[in-house]
Amino acid sequence: MIPAVKQLLADFDRFGKKQPLWLQKIRHEAASRFAEQGFPKSDEEEWHYTSLEPFSGQTFTIAETPEKIPEDLPLLYPLETPNLVFVNGNYSSSSVGNLPIEIMPLQDAIEQKPDLVRESLGRPAQPFVSLNTAFLKAGVFVRIPPKVRLEKPIHLVFYSETHNGAIVSHPRNLILLGEASEATVIESYCGTGRYWTNAVSTIVLQDQATFHHAKLEREGPESFHLQTIQTRLGRGSRFTSHSISLGGRLVRNDLHCLIEEEGGECTLNGLYLKDGHGHVDNQTTIDHRKPHGTSYELYKGIMDGNSRGVFNGKIIVRPDAQKTVARQTNKNLLLSEGAEVNTKPLLEIFANDVKCNHGATIGRLDESQLFYLRSRGIEGKEARALLTAAFAQEIIQKIGIPPLRNNLSRFVFEMIGGGGDA
Amino acid sequence: MKNGFLLQIKDLRARIGTEEILKGINLTVRPGEVHAIMGPNASGKSTLTNLLAGREQVEVTAGEVLFEGENLLSLAPEERARRGIFLAFQYPVEIPGVANAYFLKASLNAIRKARGEEELDAIEFLSLIKEKMKGLEMEESLLHRPVNEGFSGGEKKRNEILQMAVLNPRLSILDETDSGLDIDALRIVANGVTRLKRSDHGIVLVTHYQRLLNYIVPDYVHVLDDGRIVKSGDKTLALKLEEMGYGWVKEGAT
């Protein structure tokens, strides 16, 4: 057992003593399960290319909110629309105005909506979800009533800050969309110092609901970031996800989409950039269980330095899921000799009347394109940045939130070494 | 200009991989002159143009190239462009994700900056480019599309000439700009080039056929064959080639 497991549970006995007994019981079970499961091993298929060795020897503690929070959080989307802010895993502030929805910190939902919260917790199978449940305390509860269409994005911010010692936080979000409702949620993760974010978001779309989700991971360079997002799609519902991974030392995104009723549609877009010794791992599963479902998935990675990227995309089409259309693509750009990508698109098809395809590419910048730009006076470094940014644009331009799209576009261009505006 | 010459190529030899392609080229271009380089397929025309623009795949093994009296071969492609060399590509590449106008502005400002001129802002740039687009019969929408992506053959070539007009080079090298153009497109492109004729601007036209030279009249015509210039003359040489074919020059050369 990696030492971190025992150490992680050391805080458990003095955690959440004031919570209702039903929750304490669930948390206790989850803690026991995590103790049994331990950290995943590299011989497990889903963890084959992602070593958790960097966790060993680290001591993570549950932290308090620091007294002073920076006024300017490093956000790619401003705190102008309805938002809730969490610091070091604790609820900090909110500004939601008067919306025709239910939105509150999870701690309030535990008191006011115990049945919904309990139902959403289930019995997690994955160790890190168990661990999250064991330390369940803060996060967001959002419920959109049937037929309500929310114009502005809800912004959830998770900021971590530590100056000595490493801390861990376990954000837990529950997002429920009523029939034929529509909403957008942005989750921003950022911070500074040595910390670990172990987040879980559960999203449930009732029939005909539409949900847009953007995850912006811009954690500090010394941080660990793990998140599991579980989504269930009702009849004719539509789910769009943009998963953007820009920071962190070790980042792992698990995204599960369960199309459990007829005609569900999910679109998963992903962009990941890494350099130095960073590691980013995207695991997506789309489980088609009923007929006439569609899924479109495009993940793109840009790897520099000695970084490692992993993409593991699984599409399951169950016997009942006839007339499924599924398309999955993973494209990677390697900018250095030392960078590496392991990509594994996987189709498991048990129905016979379906249209599915998948593909993966790993390549370098095109020499002819580079020469063309340079022959027009654009310096080599700038030309490479332009072409790299162009590669990323395909994902960025799919984001339907203009301020976010523009900020991200600019930020990514700077990240890859592009100078100001041309 | 240090010696009155724009471009001097002296005994230039070059290879791609292990194959020697240029086997001793000599050529001198003065400001204001239009030179046509003609020759059969695989004679080394595109190798020469790519070499002049700085393509790494072409390796110079002997000889020298001076641009305005200075060694050109030690300069990076972008540095050559900044000094005023422009290559209109035979096959302009498509660059998805980079808008044509953005690219052209980045290019122009990089060159202006290197020349110590003020960079243009978006409004100044747009008015300049609209001015330069006149006469090329280009749809304005091409500015907002990714560079060359999905452009027709004629649109790509016009886009090259537009870049040439905007960047205002000292030496323009046009690599088979006439290939694949119908007669209307050829006229538009040729008129575009003719408008850029100036006393301080040298033009090298590389072409397989004589028809482009009906529109852009050259001062000199050179025939390239098997990596050497085997014959030079005035514009009548091109007409004779058209009539008699390249075999006539080859026989004459041996």
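Residues numbered from 1 in each chain as written. Chains lettered and ligands numbered in written order. Predicted model: local features only at pLDDT ≥ 70, side-chain atom pairs only at ≥ 80, totals over all residues.

Take the overall build of chain B next. Each helix and strand in chain B was counted, giving 8 helices and 12 strands. The C-alpha atoms of chain B give a radius of gyration of 18 Å, which matches the 18 Å a tight globule of 254 residues would have. Principal-axis analysis of the C-alpha atoms places the extent of chain B at approximately 60 × 40 × 35 Å. With 254 residues in all, chain B has 44% of them scored as buried. (Helix = DSSP H or I, 4+ residues; strand = E, 2+ residues; numbered from the N terminus. Rg over C-alpha atoms; globule rule 2.2 N^0.38 Å. Buried ≥ 20, exposed ≤ 12 C-beta atoms within 10 Å, placed from the backbone.)

When its secondary structure is counted, chain A shows 8 helices and 21 strands. Relative to the compact-globule value of 22 Å for 422 residues, chain A shows a C-alpha radius of gyration of 21 Å, a close match. Summarising its shape, the C-alpha atoms of chain A cover approximately 70 × 55 × 50 Å along the three principal directions. Looking at chain A as a whole, 50% of its 422 residues are labelled buried.

Another point: the interface of chain B and chain A. The interface of chain B with chain A comprises 23 residues on the first partner and 17 residues on the second. Of all the secondary-structure elements, those providing two or more residues to the side of chain B that touches chain A are α2 (77–83), β7 (95–99) and α3 (100–114) of chain B. Broken down by element, the residue count for the side of chain B that touches chain A peaks at 8 residues, all from α3(B). (Contact = placed C-beta atoms within 7 Å.)

Here we take up unusual backbone geometry. Residues and elements named next belong to chain A. The phi dihedral of Asn-88 falls on the positive side, at around 50 degrees, and the residue is not glycine. For Ala-180, which is not glycine, the phi dihedral falls at a positive 55 degrees. Relative to the helices and strands, Ala-180 is located in the loop between β8 (172–177) and β9 (182–192).

Bringing helix α5 (residues 153–167) of chain B into the picture now. All names here are of chain B. The terminal C-alpha atoms of α5, which comprises 15 residues, lie 21 Å apart, in line with the 21 Å expected from a rise of 1.5 Å per residue. Taken as a whole, α5 has its buried residues at Lys-156, Lys-157, Arg-158, Asn-159, Glu-160, Ile-161, Leu-162, Gln-163, Met-164, Ala-165, Val-166 and Leu-167. For α5, the secondary structure elements touched by its buried residues are β6 (85–88), α3, α4 (122–133), β9 (171–175) and α6 (183–195). Positive backbone phi, at 55 degrees, marks Asn-168, one or two positions downstream of α5. (Expected span 1.5 Å × (residues − 1).)

With 17 residues, helix α7 (residues 380–396) of chain A should reach 24 Å at 1.5 Å per residue; the first-to-last C-alpha distance of 24 Å fits that figure. Among the 17 residues that make up α7(A), 13 are buried, leaving the element largely enclosed by the rest of the structure.

Residue and element names in this part refer to chain A. On domain assignment, one finds that chain A holds domain 1 (4–261) and domain 2 (366–422). Computed from C-alpha coordinates alone, the two centres of domain 1 and domain 2 are separated by 31 Å. Looking at the side of domain 1 that touches domain 2, the elements with two or more residues in it are β9, β11 (210–218) and β13 (238–245). A class-by-class count of the residues in the side of domain 1 that touches domain 2 yields 8 nonpolar, 3 polar and no charged. (Domains from an automatic or database assignment. Nonpolar A, V, L, I, M, F, W, Y, C, P; charged D, E, K, R; others polar.)

This next bit is on the pairing of strand β2 (residues 19–29) of chain B. All names here are of chain B. Pairing of strand β1 (residues 7–16) with β2 involves 8 bridges; the strand directions are antiparallel. Within the sheet, the bridge partner assigned to Leu-12 lies in β2 and is Ile-25. A loop of 2 residues connects β1 with β2, the two strands running antiparallel in sequence, and Gly-17 in this loop sits at a positive phi of about 65 degrees. (Pairing = 2+ DSSP bridges.)

Another point: the sheet that holds strand β2 (residues 83–87) of chain A. Residues and elements named next belong to chain A. Across the sheet, which stays open at both edges, the 10 strands sit in the order β3-β2-β6-β9-β11-β13-β15-β17-β19-β21 with mixed pairing between neighbours. This sheet does not close on itself; its edge strands, each paired only once, are β3 (90–95) and β21 (355–363). Within the sheet, the average angular offset between the axes of one strand and its neighbour, ignoring direction, is 10 degrees. In terms of strand pairing, strand β17 (residues 294–303) meets strand β19 (residues 325–334) through 10 bridges, oriented parallel. Residue pairing for β19: Thr-294 is matched across the bridge by Val-325. Contacts from α7 reach β15 (265–274), β17 and β19 within the one sheet, and its direction differs from that of β17 by about 155 degrees. (Axes fitted to C-alpha atoms, helices over the stretch in contact; angles between N-to-C directions.)

Moving on, we get to the sheet that holds strand β5 (residues 70–71) of chain B. Residue and element names in this part refer to chain B. Spatially, β2-β1-β4-β5 is the arrangement adopted by the 4 strands of the open sheet, whose pairing is antiparallel. Strand pairing shows two members of the sheet lacking a second neighbour, β2 and β5, which therefore form its edges. Sheet strands in contact with helix α1 (residues 45–53) are β1, β2 and β4 (58–67), and its direction is about 65 degrees off that of β4.

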